[in-house]
Amino acid sequence: MDFLSQLLRGIAFVPALVSGIEGLFGGKPGAEKKDAAMSFLQNALAMTDAVAAREIINPQMFRDGISKIVDGTVQCLNASTWCKQPPTPSTPPSA
């Protein structure tokens, strides 16, 4: 499979992956959840094969890029209704 199409397919399921990781590791620190997401993505994208085939010539830079995609996805989801908002304190109505 062409590397670019494989990468785009991998990126397409990042939001679902982040949501699933949150469900599985909700009580864990953010760094542990990100490590789990990164590990899954690296395996899903068959990164080892891509490095061996020289489709990825700088693995560290590639990991950094994927890491930024995960961070951006989490930031977008946390800014949306997906994130559980703390209840607003109830204040008595003023007259």
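Just above, that's the structure.
In short, a report on the structure.

Looking only at helices and strands, one finds 5 helices and 0 strands in the protein chain. When the elements of the protein chain are put in sequence order from the N terminus, they spell out α-α-α-α-α. For the protein chain, the residues scored as buried account for 23% of the 95 residues in total. A separation threshold of at least 6 residues defines the contact pool for the protein chain, and within that pool the share at least 24 residues apart is 64%.

A few words now on a nonpolar patch on the surface. A surface patch of nonpolar side chains, about 260 Å² in accessible area, is lined by Leu 4, Leu 8 and Ile 11. If you trace the backbone, Ile 11 turns up in helix H1 (residues 3-12).

Counting 16 residues, the largest nonpolar core has Phe 3, Leu 7, Leu 41, Phe 62, Ile 66 and Val 70 as the members making the most contacts within it. Among the elements of the structure, H1, helix H2 (14-25), helix H3 (30-44) and helix H5 (59-78) are those that each provide at least two residues to this core.

Within H1, burial applies to Phe 3, Gln 6, Leu 7 and Gly 10. Along the axis of H1, the buried residues cluster in a sector spanning 100°; they form a single face. Exposed residues pointing more than 90 degrees away from the buried face of H1 are listed as Leu 8, Arg 9 and Ala 12.

An α-helical turn contains 3.6 residues, so any two residues separated by three or four positions project in the same direction. Helix length check: H2, at 12 residues, gives a terminal C-alpha distance of 16 Å against a target of 16 Å (1.5 Å per residue), a fit within 8%. Of the positions making up H2, those classed as buried are Val 14, Leu 17, Val 18 and Ile 21. Burial along H2 is one-sided: seen end-on, the buried residues are contained in an arc of 100°. Of the residues in H2, the exposed ones pointing more than 90 degrees away from the buried face are Ala 16 and Gly 23. Of the surrounding elements, those touching the buried residues of H2 are H1, H3 and H5.

Turning our attention to the environment of Asp 64. Tracing the backbone shows Asp 64 in helix H5. In this structure the side chain of Asp 64 is engaged in a polar contact, spanning 2.9 Å, whose partner is the side chain of Gln 60.

Definitions and limits used
Residues numbered from 1 in each chain as written. Predicted model: local features only at pLDDT ≥ 70, side-chain atom pairs only at ≥ 80, totals over all residues. Heavy atoms only, no water. Helix = DSSP H or I, 4+ residues; strand = E, 2+ residues; numbered from the N terminus. Buried < 20%, exposed > 50% of the residue type's maximum accessible area, 1.4 Å probe, protein only. Contact = heavy atoms within 4.5 Å. Patch = residues over 30% accessible without salt bridge, like charges linked within 9 Å, V, L, I, M, F, W, Y side chains within 5 Å. Areas by Shrake-Rupley, 256 points an atom, 1.4 Å probe, with all protein chains shown as cover. Salt bridge = Lys/Arg side-chain N within 4 Å of Asp/Glu carboxyl O. Core = buried A, V, L, I, M, F, W, Y, C linked by side-chain atoms within 4.5 Å. Arc of directions from axis to C-beta. Expected span 1.5 Å × (residues − 1). Polar contact = N/O pair within 3.5 Å; in protein donor to acceptor, adjacent residues only side chain to side chain.

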